Amino acid sequence: MMSKIGSLRWCIVAALLCGMYGMPPSTAGEETATLRGRFLLEGPVPARGKLTVNKDRDVCGVYDLRDEQLVVAEDGGIRDVIVYARKLPGDGSGKEDAVLLDNKDCRFAPHVVAVQPGQTLLVKNSDPVAHNTQISFSSNSAFNEGLPPSGTKEIKLKKSERYPVSVSCSIHPWMRGYLVVQDTPYIAITKADGTFEISGLPVGKEVEFQVAHPKSKRIDEASVGGKATKWKRGRFKKKMVAGDNDLGDLVVMPDQFK
Amino acid sequence: MRSNKRCNDRWGAACQPRAEGWPDACLRAVSWALLASLLVGCQSEVPYFRPNLVEIEIEQDASEPVTEDQQRLINETMLALFGTPDRPANPFPEDAQAADAQSPLRTFGFDVEKLKVSAGPAYRDAEGNQHGLYRLHCAHCHGVTGGGDGPTAAFLNPYPRDYRQGVFKYKSTFGAAKPTHEDLKRVLVNGVSGTSMPSFRLLPDNEIEALIEYVRYLSARGETEIKLIEYMAAEGEMPGSISEIAGGFPLPVDDEGVAEEEPEEENVVASVMYQWKAAPVSVIHPVSSPVDFSDPESTAMAESIARGEKLFYSKNLQCNSCHGDSAQGDGQRDKYTVWFKWREDLGTNNDDQAEINRVVHQFMDVGALKPRTIYPRNLRLGVYRGGRRPIDLYRRIYSGINGGPMPAQGTVTGIAGDEVPDSEAGGSVRREQIWDVVSYVLSLPYEPLSQGPPQRQGSKYTPR
């Protein structure tokens, strides 16, 4: 899985990106740091079971709906790993924009959504059937409201949530998504190829990062640049330098997702 | 500890076979067992609040293991804050009066005198006042700790309420808001129809009041414990000192008597109590009804039922997708409630039977009841657990049923009744239409099933 081709490709991508970020920081404005990396799963790519579509089959049955608990690309890239800066609230800018959680093709799109307390989460139904949105918060008040076709709901949360909380639709029991509520703009969710990038981080400061995943809640062990590393409670600290801070490949063993 | 548990089980054994048929006999059996156990054998084994091992299991699955020392720290904190089943919030009882004066519970706005009448072993004093009400009337179902796991619980369906999540179903408030005092009173006086939860109508009012206070106490206690366990598993320490965890109460309030600000997360007990104090703000006031429910034969009612039927099967509401095309509650039976969140988290589609067995064993080993999925109500029976008045059903449909899959069709903005125009109220339907759905639901037990499922004009999507 840690194939040469995979890492080679990564080097190229990294080189390109480094090129971009390596440009002399513009004369005006402050320097910032960017954290990046790629999460890879050791071993074979886990199969994703077909979901049982037992309701509204004429609408939802036409999609090839698959389990999204652990989505791994051909080359091992892990989707939906969440990385964020702890105790680094930012200046509140960006909070005005709503974050979208769509009910589309009888699944939650995207599967994992990050929102800050005080920011609007816009839940939308793009399907021709009724959905409902049940969110099992633990710090905020539980939520379960109906969502008719083309309906929308705006939710504003008061508090951060310790773990990704599950979002489900009780009408369509196979539907499941996750919501990450953290009081920081410095948050990223890995893309389908396992890569993430958090930009705009303060320079010269030691920042503590949390690594989470909906299935395992925490990821607390990975091989970083070939070196086995333990992250107690899924956390690591890193002093940020101006420009690029590349963690490289972060290889996770499958038992992290048991 | 161990022998204490055995002692508990013994009352259970006396009670179980008869529990469902003759709750009264069972009550007596339990109180006799209690008395007997006080006289012989069990004197030294006072009932204790059982630590929430299920929650510890959930949290350490998500983070780090909770060590024995950490567990002890949580237990000691709980003892200092809430006391014991015999002495609520009176952990240092050498000088009873001094201890009471600084009772942490008083600070949280509990009526300690009421708690004392409910707590402790059951007996009648010289003046004929009943003490130990909770253990006399409730503990064999709801458990001494309020975990919904008393000796008879495993034999009941639905299971008795586990108060420790702070989640209640049959209430007048919206969403996850706590029940009001009146709501709890209604549950105690009427019981929960169609379940084993009995009516306590025959108890004098002061005893009902004392029991309500004790339910709030057990619930707040349980919720505090859960939050402490969450914090401990995630951070490896307590959120603060005992007085920080308690937090200040009463909180500063505005003109309308509503607390201005929510307490900080570290002030765990105050945060929980804030939710209880804020309950009245979330009461759902319905818009005025377009029909007169006292006249079920009127044309207006017939029209309302017809509109309600369309709505029930409409693609906006899709009530039939759970309650079934003939509303017999057979549309969907594979979801779990919050009381089995550890099972629900495995996913409804999980076909890894080995993993499921492993997890179910893991949790049942620490005291969880066998997980059961929740069935939507059979609406043909005309038995409504949350009350049969039209306003009860309006609130059920407006707000859904807390803790389970049934969703709210209204939103928090619209709870103020006619004061808020429909254009601003949000929700899946206009609130007036909810009354039509109520009309239809109330008509269902009388509509002959033999006619087959009604025409579903609104829905193109449900299989016919």
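Definitions and cut-offs
Sequence order as written defines residue numbering, which begins from 1 separately in each chain. To read the labels, note that chains go from A and ligands from 1, taken in the order they are written. Reporting of local features is limited, given that this is a predicted model, to residues whose pLDDT is at least 70; pairs of side-chain atoms are given and counted only at 80 or more, and all residues count toward the totals for whole chains, interfaces and linings. No hydrogens and no water enter the side-chain calculation; it runs on all heavy atoms of the structure. The helix and strand labels rest on DSSP assignments: H or I over at least four residues marks a helix, E over at least two residues marks a strand, and numbering proceeds from the N terminus. Buried means the residue's accessible area, taken with a 1.4 Å probe over protein chains only, is under 20% of the maximum for its type, while exposed means over 50%, and partly exposed covers the values in between. Here, two residues are considered to be in contact whenever any of their heavy atoms come within 4.5 Å of each other. Every accessible area reported is derived by Shrake-Rupley at a probe size of 1.4 Å, with residue values counting cover from the shown protein chains alone. In the sections that follow, a salt bridge refers to a side-chain nitrogen of Lys or Arg positioned within 4 Å of a carboxyl oxygen of Asp or Glu. Exposure above 30% relative accessible area and the lack of any salt bridge qualify a residue for a patch; like charges then connect within 9 Å, and the nonpolar side chains Val, Leu, Ile, Met, Phe, Trp and Tyr within 5 Å. For the purpose of charge, His is not counted, nor are the chain termini; Lys and Arg are scored as positive and Asp and Glu as negative. Every charge is mapped onto a representative atom, which is NZ of Lys, CZ of Arg, CG of Asp or CD of Glu. Cysteine sulfur atoms that pair up within 2.5 Å are treated as a disulfide. Boundaries of every domain are those given by an automatic assignment or by a domain database. When two parts are put together, the accessible area they lose, computed with a 1.4 Å probe and summed over both, is reported as buried area. Here a polar contact means two N or O atoms within 3.5 Å. Within protein one must be a hydrogen donor candidate and the other an acceptor candidate, and residues neighboring in sequence count only if both atoms are side-chain atoms. Think of it as three bins: nonpolar holds Ala, Val, Leu, Ile, Met, Phe, Trp, Tyr, Cys and Pro, charged holds Asp, Glu, Lys and Arg, and polar takes everything else, Gly as well.

**Regarding the overall build of chain B**
Thought 1: Helix and strand content of chain B: 20 helices and 2 strands.
Thought 2: Looking at chain B residue by residue over its 464 residues, the buried ones come to 54%.
Thought 3: By sequence separation, contacts in chain B at least 24 residues apart represent 63% of the contacts at least 6 residues apart.
Thought 4: Here chain B displays about 21300 Å² of accessible surface, and carbon together with sulfur accounts for 52% of that area.

**So, the environment of Ser-196 of chain B**
All names here are of chain B.
Thought 1: When you line up the elements, Ser-196 lands in the loop between α10 (181-190) and α11 (205-235).
Thought 2: The partly exposed category is assigned to Ser-196, whose relative accessible area is 38%.
Thought 3: Sequence separation of Ser-196 and Val-283 is 87 residues, and the distance between their C-alpha atoms is 27 Å.

**Some remarks on the pattern of salt bridges**
Thought 1: This structure, assessed with the given rule, holds 40 salt bridges over all chains.
Thought 2: The residue Asp-183 of chain A makes a salt bridge to Lys-95 of chain A at a minimum N-O spacing of 3.6 Å. Of this pair, Asp-183 of chain A sits in the loop between β11 (176-181) and β12 (187-189) while Lys-95 of chain A sits in the loop between β2 (82-85) and β3 (99-104), and the two are 88 residues apart along the sequence.
Thought 3: In this structure Asp-183 of chain A comes out as partly exposed when scored by relative accessible area, which is 34%.
Thought 4: Glu-265 of chain B serves as the salt-bridge partner of Arg-162 of chain A, at 2.7 Å between the closest nitrogen and oxygen. In this pair, Arg-162 of chain A is assigned in the loop between β9 (152-156) and β10 (165-168) and Glu-265 of chain B in the loop between α12 (242-246) and α13 (268-278), connecting two distinct chains.
Thought 5: Among the residues examined, Glu-265 of chain B registers a relative accessible area of 46% and is labelled partly exposed.

**Looking at a negative patch on the surface**
Residue and element names in this part refer to chain B.
Thought 1: Together, Glu-244, Asp-254, Asp-255, Glu-256, Glu-260, Glu-261, Glu-264 and Glu-266 make up a negatively charged patch on the protein surface.
Thought 2: Take Glu-261: it is sitting in the loop between α12 and α13.
Thought 3: Its relative accessible area of 62% is what places Glu-261 among the exposed residues.

**Some points on the state of the cysteines**
Thought 1: With the rule as written, the count across this model stands at 1 disulfide over all chains.
Thought 2: The disulfide partner of Cys-60 of chain A is Cys-106 of chain A, and the gap between their sulfur atoms is 2.0 Å. When the S-S torsion is -65°, as for the bridge of Cys-60 of chain A with Cys-106 of chain A, the disulfide is left-handed. Here the residue Cys-60 of chain A occupies a position in helix α2 (residues 57-60), and Cys-106 of chain A occupies one in the loop between β3 and β4 (107-109), the gap between them amounting to 46 residues.
Thought 3: Residue Cys-60 of chain A is classed as buried on the basis of its relative accessible area of 0%.
Thought 4: Unpaired in terms of disulfides, Cys-138 of chain B finds its nearest cysteine sulfur in Cys-141 of chain B, a separation of 8.6 Å.
Thought 5: Considering cysteine sulfurs only, Cys-322 of chain B is the nearest to Cys-319 of chain B, which forms no disulfide, with 8.8 Å between them.

**A few points about the domain arrangement of chain B**
All names here are of chain B.
Thought 1: When its domains are assigned, chain B resolves into domain 1 (5-280), domain 2 (299-334 + 379-457) and domain 3 (338-372).
Thought 2: Every contact between the two is made by 17 residues of domain 1 and, on the other side, 17 residues of domain 2.
Thought 3: Taken together, the two surfaces of domain 1 and domain 2 that pack against each other cover about 1300 Å², and 57% of this comes from carbon and sulfur.
Thought 4: If you sort the residues of domain 1 by the area they bury against domain 2, Lys-169, Tyr-170 and Phe-174 come out on top, with a joint share of 44%.
Thought 5: Where domain 1 packs against domain 2, one counts 0 salt bridges.
Thought 6: In this structure, the connection of domain 1 to domain 2 is made through 3 residue pairs in polar contact (both at pLDDT 80 or more).
Thought 7: Partitioned by chemical class, the residues of the side of domain 1 that touches domain 2 number 8 nonpolar, 6 polar and 3 charged.

**Some points on the interface of chain A and chain B**
Thought 1: In this complex, chain A contributes 43 residues to the contact, which on the side of chain B involves 44 residues.
Thought 2: Between chain A and chain B we count 8 salt bridges in total.
Thought 3: With its nearest N and O atoms 3.1 Å apart, the salt bridge here joins Glu-262 of chain B to Lys-158 of chain A.
Thought 4: At the surface where chain A touches chain B, the tally comes to 23 residue pairs in polar contact (both at pLDDT 80 or more).
Thought 5: Only α2, β7 (131-135), β8 (143-147), β10 and β15 (217-218) of chain A provide two or more residues apiece to the side of chain A that touches chain B.
Thought 6: Here the element with the most residues in the side of chain A that touches chain B is β8 of chain A; it accounts for 4 residues.
Thought 7: When its residues are assigned to classes, the side of chain A that touches chain B shows 14 nonpolar, 12 polar and 17 charged.

**Overview of the domain arrangement of chain A**
Residues and elements named next belong to chain A.
Thought 1: The domain boundaries assigned to chain A delineate domain 1 (1-30), domain 2 (33-88 + 189-258) and domain 3 (90-185).
Thought 2: On a C-alpha basis, the centres of domain 2 and domain 3 stand 20 Å from each other.
Thought 3: Across the contact, 23 residues belong to domain 2 and 24 residues belong to domain 3.
Thought 4: Here domain 2 meets domain 3 over a buried area of about 2000 Å², counting both sides, of which 64% is carbon and sulfur.
Thought 5: When residues of domain 2 are sorted by the area they lose upon contact with domain 3, Glu-68, Tyr-84 and Pro-214 head the list and together hold 21% of the total.
Thought 6: At the junction of domain 2 and domain 3, the tally comes to 1 salt bridge.
Thought 7: We note a salt bridge from Arg-107 to Glu-68, for which the minimum N-O separation is 2.8 Å.
Thought 8: Where domain 2 meets domain 3, there are 9 residue pairs in polar contact (both at pLDDT 80 or more).
Thought 9: Broken down by secondary-structure element, the contributors of at least two residues to the side of domain 2 that touches domain 3 are α2, β2 and β15.
Thought 10: Tallying contributions element by element places β2 first for the side of domain 2 that touches domain 3, with 3 residues.
Thought 11: Classifying every residue of the side of domain 2 that touches domain 3 gives 12 nonpolar, 4 polar and 7 charged.

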